[in-house]
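# Observations on the three-dimensional arrangement
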Amino acid sequence: MDDEVSSVMKDQLTTEHPTVDCQKQENAVQEGDILSQVSQTHDVIMALDKTISSMEVQLASARAAKGDNENLPPMVTKSGSEHLKERPKVFFVMGIITAFSSRKRRDSIRETWMPKGEELKKMETEKGIIIRFVIGHSSSPGGILDRAIEAEDEQHKDFLQLNHVEGYHELSSKTQIYFSTAVAMWDADFYIKVDDDVHINLGMVGSTLARHRSKPRVYIGCMKSGPVLAQKGVKYHEPEYWKFGEEGNKYFRHATGQIYAISKDLATYISVNRHILHKYANEDVSLGSWFIGLDVEHIDDRSLCCGTAPDCEWKAQAGNPCAASFDWSCSGICKSVERMEEVHQRCGEGDEAIWHTSF
C-alpha cells in the first residue's frame, strides 16, 4: 500500500514538476540568443543601409542645389530666393505647368481648388504642401511677358520661375528643370507635375501619396502605352520613332502627362543627371524613359485620371473619389476657363476636405 501511494505521489510530482534537462535548456537559450542577435544585426544593417542611402540623396541634392544657385539668372534669383535658405522639409511640391498666355486658366484654378494668399501659406506650414505655377522666361528676358508674370506674382505670390526659355516644344526640358529646381528648394517626400487645365482634389492627392510614403523610388500616375507616331505633321509626332522598333510599335509604359508624382530619390536622380538625360518630343515619354533601367516601382492609380462629370460623380458615389479629373478628348478639361467652376462643384471633395485630412 505504501509502495502504491509512493508511486502515485511520484507520478503527480513528475506531472506537476517535470524533469528539466539543464543542458538542453541551456542550448535552447543559446540558440535563441543567437537568432535574436542575428535578427538585431540584420535590423541594424538595414537601418544603416537606409541611412547611407538617405545621406547619398542629401549629398546629391546639396550638389544640385549648389549648381542651380550658381546658374540662376538675376530675375530667377529674385523669385527663387528660397534657394539660398536651408531647404524646408515638406510633404509634397505640386508644380502647375503654365504659359504666358494662360492667365485666365490660372485664375480659374485660384478661384476653385487652389488656396490663395494666407490660405496658401497656411497649407505650407500646417500640411507641408507647396503649390506653385511653374513658368520660365521669354526669349527676351525682362520684356513685356516677363514683367506681366512678375506683376501677377507680386499679387499672388504663387509662382516658381525657372531658368528656362518658354516654348511648347520645350516641355521636356521645362519638366526636367522644374524637378531640378524644386528638389533644390524643398526637401519633399514627393514632387508632382500637373497641367493648368486639370481639376485637383488636394485631400485625395495627399491620401494617395501617403500610402506610398515608405517606398524609396515610386512613379505614380495613370500608366499608358500609346502608339509611336512616325508620320510628320500629326499631333504627338515622334521624330525619333526609329528607336522604338518597327513601325506601329507602342511606347513603354509611362504616366500620362496631365498629372504624375515622383518620390524624392527620383527627383534627385533627375536633378543630378539632368545634363545627360535624353529628351524626347513628348514630355511624358521623356520622363518615363529616364526611369527605364532603374529600380523604380510604377504605380498605376486611376484616381488620377477620372473624367469630368458624370464620371467623377459616379466614382465618388461608388466609394472611389477622384484625385484628379479632366477630359481625355481634350487632354485636359475642355474649355477649362469656362468649366473649371462647374467641374469643381460636381467633382470637388469640398473646400474644407484638405484641412480635415491627416497624412
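Here goes a summary of the coordinates provided. (Residues numbered from 1 in each chain as written. Predicted model: local features only at pLDDT ≥ 70, side-chain atom pairs only at ≥ 80, totals over all residues. Heavy atoms only, no water.)

## Topic: unusual backbone geometry
Basically, it comes down to this: Runs of E in the DSSP output that reach at least two residues are strands. Runs of H or I that reach at least four are helices, and both are numbered from the N terminus. Burial status follows relative accessibility: with a 1.4 Å probe on protein chains alone, a residue under 20% of its type maximum counts as buried, one over 50% as exposed, and anything between as partly exposed.
In this structure, Pro310 follows Ala309 across a cis peptide bond, with omega equal to 10°. Among the structural elements, Pro310 can be located in the loop between β8 (297-300) and α11 (311-317). Its identity as a non-glycine residue notwithstanding, Lys157 has a phi of 55°, on the positive side. Position of Lys157 among the secondary structure elements: in the loop between α6 (144-156) and β3 (159-165). Relative accessible area serves as the criterion here: at 48%, Lys157 is assigned to the partly exposed category.

## Focus on α6
Threshold: Between the first and last residue of a helix there are one fewer steps than residues, each counted as 1.5 Å, and that sum is the expected span.
With 13 residues, α6 should reach 18 Å at 1.5 Å per residue; the first-to-last C-alpha distance of 19 Å fits that figure. The first or second residue beyond α6 is Lys157, which carries a positive phi of 55°.

## What about the packing of aromatic side chains?
The test is simple: Each Phe, Tyr or Trp ring, with Trp reduced to its six-membered ring, pairs with another whose centre is within 6.5 Å; inter-plane angles below 30 degrees give stacked pairs, above 60 give edge-to-face pairs, and intermediate values give tilted ones.
Following the criterion strictly, the structure yields 11 aromatic pairs and no others. With a centroid separation of 5.9 Å and an interplanar angle of 45°, the aromatic rings of Phe133 and Phe159 are classed as tilted. With Phe133 in strand β2 (residues 129-137) and Phe159 in strand β3, this pair connects stretches of sequence that are 26 residues apart. In this structure, Phe133 and Phe159 share a single accessibility class: buried. Among the aromatic residues, those joined into a cluster by ring pairs are Phe244, Tyr251, Phe252 and Tyr280.

## Quick look at the layout of surface pockets
Operational definition: A cavity here means a set of points on a 1 Å grid, drawn over the protein atoms and nothing else, where a 1.4 Å probe fits but cannot get out; a pocket is an open set with protein on both sides within 12 Å along at least five of seven lines, and a residue lines either one if it has an atom within 4 Å of a point. Grid points are joined across faces, edges and corners, and a volume is the space filled by probe spheres set on the points. All amino acids are sorted into three groups, where Ala, Val, Leu, Ile, Met, Phe, Trp, Tyr, Cys and Pro are nonpolar, Asp, Glu, Lys and Arg are charged, and the leftover types, Gly among them, are polar.
Roughly 1,000 Å³ of internal volume is contained in the largest pocket. Tyr168, Leu171, Lys235, Tyr236 and Glu283 are, among the 38 residues lining the largest pocket, the residues nearest its centre. Put simply, the parts of the chain that give the lining of the largest pocket at least two residues each are α7 (171-185), β4 (187-195), β7 (254-263) and α10 (283-290). Top element by residues in the lining of the largest pocket is β7. It accounts for four residues. Taken together, the residues of the lining of the largest pocket sort by class into 14 nonpolar, 13 polar and 11 charged.

## Here we look at the side chain of Ser108
Going by this rule: Any two residues whose heavy atoms approach within 4.5 Å at even a single point are treated as in contact.
Checked against the element boundaries, Ser108 lands in helix α4 (residues 103-110). A residue is classified by how much of its surface remains accessible, and Ser108, at 9% relative accessible area, is buried. For Ser108, the contacting residues outside a window of four places in its chain are Ser336, Val337 and Met340.

## A few points about the sheet that holds β3
This is how the line gets drawn: Strands are labelled as partners when DSSP assigns at least two bridges between them. Whenever a helix is involved, its axis is fitted only over the stretch in contact; in every case the axis is a line through C-alpha atoms, and angles between N-to-C directions fall within 0 to 180 degrees.
An order of β3-β2-β1-β4-β7-β6-β8 is seen for the seven strands of this open sheet, with the pairing classed as mixed. The open sheet is flanked by β3 and β8, the only strands paired with a single partner. Sheet twist, expressed as the average angle between the axes of neighbouring strands with direction ignored, equals 25°. Bridge count for β2 against β3 is four bridges, and the pairing is parallel. Bridge pairing in β3 places Phe133 opposite Phe159. In the packing of α7 onto the sheet, contacts are made with β1 (89-97), β2, β3, β4 and β7, and the angle to β3 comes to roughly 130°. The sheet contacts of helix α9 (residues 264-272) involve β1, β4, β6 (218-224) and β7, and relative to β7 the element is tilted by about 105°.

## Quick word on the pattern of salt bridges
Here is the rule: Here, a salt bridge means any side-chain nitrogen of Lys or Arg that lies within 4 Å of a carboxyl oxygen of Asp or Glu.
This structure, assessed with the given rule, holds 30 salt bridges. Where Asp107 meets Arg103, a salt bridge forms, and the shortest distance between an N and an O atom there is 3.2 Å. In this pair, Asp107 and Arg103 are both assigned in helix α4, four residues apart and thus about one turn of the helix distant. Look at Arg103 and you get partly exposed, because its relative accessible area is 31%.

## A closer look at a negative patch on the surface
As a reminder of what qualifies: Each patch is built from residues lacking any salt bridge and having more than 30% relative accessible area; the joining distance is 9 Å for like charges and 5 Å for nonpolar side chains (Val, Leu, Ile, Met, Phe, Trp, Tyr). Areas reported here follow the Shrake-Rupley algorithm with a probe of radius 1.4 Å; residue values treat only the protein chains shown as occluding. The charged-residue count follows a simple rule in which Lys and Arg add positive charge and Asp and Glu add negative charge, with His and chain termini not counted at all. Note that the charge is assigned to NZ on lysines, CZ on arginines, CG on aspartates and CD on glutamates.
Taken together, the side chains of Glu119, Glu126, Glu341, Asp351 and Glu352 define an acidic patch exposed on the protein surface. Mapped onto the secondary structure, Glu341 falls in helix α12 (residues 336-347).

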